[in-house]
Amino acid sequence: MNQSEFRIFYRSTYRPLWSYLYRMVREHELSNDLAQESYFRFLKADRGAETPGADRAYLFTIATNLVRDHWRSGKVHGEWVEVEQSDDSDDSAEQIPLQIDLATAMEKLTLMHRSLLWLCYVEGYTHTEAAAIVGVETGSVRVLLSRARKKLAGICREAGIVKERE
């Protein structure tokens, strides 16, 4: 990949890559560092002529592995986001339930579940592509996504974001 090709690739992939990393680690500076390291390792790898889709998937694979390494290293120092209750109701007897946003709910999922949800539903990767990125069998993705959706729905119900089905 020459310099102009990389510039185009970087412009088209940086924002989605950074967003993916941020959803995994929830730290702005760490997301920047991991994105930089992902591009560095991507450029250092001798991959030959690949399609743009394969290059993008490879970049996300590198990023996923860097996040795993970060979690394994024990250097995790993220903070929980506190959500404050609104006090703008006219009726003081009426309490507005404390709710967490989806990002905070996603933090309660495992790294694998978060990764697969993000890759498949936000980035639009197929199950085969997502499996290659996170390092699982293609047949496992459907099961893992199902479990992740159920777990996320349970977290949202507990937080009062969604109501129980009747």
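All values reported here derive from a predicted model rather than from experimental measurement.

Enquirer: Tell me what's going on with the overall build of the chain, and back it up with residues and numbers.
Expert: Tallying secondary structure elements over the chain gives seven helices and zero strands in all. Across the 166 residues in the chain, those meeting the buried criterion constitute 37%. Nonlocal contacts in the chain, meaning residues at least 24 apart in sequence, comprise 62% of its contacts between residues at least 6 apart. As presented, the chain carries roughly 10,800 Å² of accessible surface, and 50% of it is formed by carbon and sulfur atoms.

Enquirer: Run through helix H6 (residues 127-134), naming residues and quoting values.
Expert: Three or more residues of H6 are buried, namely Ala130, Ala131, Ile133 and Val134. On an axial view of H6, the arc spanned by its buried residues comes to 165 degrees, and they lie on one face. Just downstream of H6, Gly135 is the residue with a positive phi angle, here 80 degrees.

Enquirer: How would you summarise the confidence of the model for the chain if you had to cite specific residues and measurements?
Expert: Confidence along the chain averages 78 in pLDDT terms, with 77% of residues attaining 70 or more. Taken element by element, the chain is modelled with least confidence in helix H4 (residues 102-107), mean pLDDT 76, and with most confidence in helix H2 (residues 28-44), mean pLDDT 93. Across residues 76-100, where pLDDT falls below 50, the model places 30 contacts with residues more than four positions away in sequence or in other chains.

Cut-offs applied
Going along each chain's sequence as written, the residues are numbered from 1 onward. The model is predicted, so local features are restricted to residues of pLDDT at least 70 and side-chain atom pairs to those at 80 or more, both for listing and for counting; the totals for chains, interfaces and linings are taken over all residues. Hydrogen atoms and water are omitted, and side-chain values are computed over all heavy atoms in the structure. Runs of E in the DSSP output that reach at least two residues are strands. Runs of H or I that reach at least four are helices, and both are numbered from the N terminus. Buried means the residue's accessible area, taken with a 1.4 Å probe over protein chains only, is under 20% of the maximum for its type, while exposed means over 50%, and partly exposed covers the values in between. What makes two residues a contact is simply this: any of their non-hydrogen atoms within 4.5 Å. Each accessible area is a Shrake-Rupley result for a 1.4 Å probe, and residues are judged covered by the shown protein chains and nothing else. Read the arc as the range of directions from the helix axis to the C-beta atoms. Each residue gets a pLDDT score, which is the predictor's confidence in that residue and runs from 0 to 100.

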